[in-house]
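Here are the chains, one letter per residue:
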Amino acid sequence: MRIYIRRKEEDAVRAIGNWTLIYGRRKTGKTTLVKRNLRMDLYVLMADPGNVITLDDRVVRVDVAMRELRDVLRRGGLAVIDEFQRLPEVYWSMISNWAGSGVLVAVGSSYGIVNRVFDRNSPLLGLFTPMEVGIISYEDVLSQVGDPLLSVLLRDPWVIPFIDSYEDFARRIKEFSLISKGLVGEVFREEDRELTDMYYKILLLLGEGVWRTSEIAGIIQPRGGVATVSSMVNKLVKMGLVKKIPTLSRENYYKVDSPPLSLALYAESKYAVGERDVEIPDLPLGREVQFSVGEMLARYFKGTLYYSPKEDIDVVIVRGRRPIWAFEVKIGEITRDEAVRAVKRMSKVAEQVGLVSLRDRPGDYGDLSLGPRELLEIARKVSRGESIQGNPPQ
């Protein structure tokens with residue numbers, strides 16, 4: 001699918017008026033955001049510690065590029081250093097001498113760069129403000145693509161050029177499994193870490209849906225047990241690969257943040273698709289739909305997304321400490337019996353309950369029923385920055 005998906009971060013990028021560090025995981029569209037939304041006087045991409053590449057594809061020595069950058073800033077211009085984490089820190093003190101001149105935007109493809117720039121001993125401390133860019137919000141994709149299922153997959157920009165449907169993704173799952181391992185390895189490299197077997201096994205298990213650190217520890221048997229796994233999972237969260245979602249039972253639910261990456265890791269963990277040709281009977285797409293829809297609804301109702309594994313409730317939206325909404329989310333049809341059971345179960349937890357189907361609008365068994373048309377309407381509102389005002393769409 002050769003499209004560009006507009007995203008809410010564009011407004012923030014266009015409004016940049018001071019030195020800014022844009023950071024996030026590899027392949028989340030940071031460079032595209034900058035190139036499409038900033039009027040740059042100079043753009044350089046750090047190819048390696050000694051060389052940069054300019055917009056017109058010239059390879060320039062880094063010391064030469066730094067002098068040009070200094071001149072642009074002193075003239076009051078706007079300059080961008082992409083892949084900033086590759087710039088040797090010897091140049092950081094030089095850059096700090098130019099503070100107050102022009103606008104410098106540093107783009108870093110790691111989360112570790114944030115700690116380095118804002119460390120108390122960093123010469124750049126106090127010069128930059130941070131701006132995080134993650135995967136695209138579900139509402140931004142859905143409001144433009146219109147397909148509620150495909151929109152879940154297209155949230156991660158790297159997959160957009162390759163697929164036009166979920167069937168495309170499932171058919172090419174071996175390719176995506178190989179790409180995914182390469183992407184994970186690239187993330188680790190930019191974070192100055194090694195993708196060890198243990199880190200990869202944890203990601204595979206998370207992709208498979210194993211989310212409790214105690215259960216992961218029981219499977220991989222690391223030295224240090226649960227404490228080791230908890231530490232490693234939290235590092236994966238900090239690297240932007242894993243998302244932490246609170247639960248009503250006060251545990252944390254961990255999942256791979258990117259839906260296509262999560263599904264590719266599942267296929268590799270369950271079927272070793274990277275090593276052999278095998279037809280995958282089913283992918284756990286429902287889990288990815290559940291959390292993508294849940295994130296959008298949480299923003300719509302001005303709450304925080306929770307999950308309730310104990311009560312088997314897909315989406316719980318909490319405001320303050322009050323569970324104000326609970327939702328059952330399905331890709332397919334919700335039958336009458338399923339709806340009645342879900343409403344009864346959810347009513348014990350939240351003040352209001354709703355049913356969501358990506359196929360057809362469910363019957364009116366709860367307080368709110370959402371089908372594809374209603375989800376699209378909500379997506380458009382949330383993408384515009386609107387939250388619930390009055391009654392939600394029926």
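Below, the structure is looked at part by part. Nothing here was measured: the structure is a model prediction, and the numbers come from that model. Residue positions are given per chain, counted from 1 along the sequence in the order it is written. It should be noted that, the model being predicted, local features are given only for residues of pLDDT at least 70 and side-chain atom pairs only at 80 or more, the latter also being counted only at that level, while totals for whole chains, interfaces and linings use all residues. Side-chain metrics in this entry use all non-hydrogen atoms of the structure; hydrogen atoms and water are not considered.

Details of the sheet that holds strand β14 (residues 368-370)
- In spatial order, the strands read β10-β11-β12-β13-β14; together these 5 strands make up an open sheet with mixed pairing. Taken across any chain shown, the strands that pair with only one partner, and hence form the sheet edges, are β10 (304-308) and β14. When strand polarity is set aside, the average angle formed by the axes of neighbouring strands in this sheet is 25°.
- Direction of pairing for strand β13 (residues 352-357) relative to β14: parallel, over a ladder of 3 bridges. For Leu 355, the partnering residue across the bridge sits in β14 and is Ser 369.
- Of the strands in this sheet, β10, β11 (313-319), β12 (322-330), β13 and β14 are in contact with helix α14 (residues 285-300), which crosses β10 at around 145°.
- For this analysis, residues touch if any pair of their heavy atoms sits within 4.5 Å. Axis geometry follows a simple rule: fit a line to the C-alpha atoms, using only the stretch in contact for helices, then measure angles between N-to-C directions, giving values from 0 to 180 degrees. Secondary structure elements follow DSSP: runs of H or I no shorter than four residues count as helices, runs of E no shorter than two count as strands, and numbering proceeds from the N terminus. Here helix α15 (residues 336-347) sits on the sheet in contact with β11, β12 and β13, set at roughly 145° to β13. When DSSP finds two or more bridges between a pair of strands, those strands are recorded as paired.

A short note on the packing of helix α10 (residues 197-208) against helix α11 (residues 213-220)
- Across the interface, α10 lies against α11 with an axial gap of 11 Å and an inter-helix angle of 125°. In terms of axis orientation, α10 runs oblique to α11. α10 and α11 meet at a crossing whose hand is right-handed. Across from Met 198, Lys 201, Ile 202, Leu 205 and Leu 206 in α10, the residues of α11 making contact are Ile 216, Ile 219 and Ile 220.
- Here the term charged refers only to Asp, Glu, Lys and Arg, the term nonpolar to Ala, Val, Leu, Ile, Met, Phe, Trp, Tyr, Cys and Pro, and the term polar to all other amino acids, Gly among them. Tallied by class, the residues present in the contact of α10 with α11 amount to 7 nonpolar, no polar and 1 charged. Oblique is the label for any angle not under 35 degrees, not over 145, and not in the 65 to 115 range, which are roughly parallel, roughly antiparallel and roughly perpendicular in turn. We call a crossing left-handed when the near helix sits turned anticlockwise from the far one by less than a right angle, and right-handed when that turn is clockwise.

These figures capture arrangement, not role.
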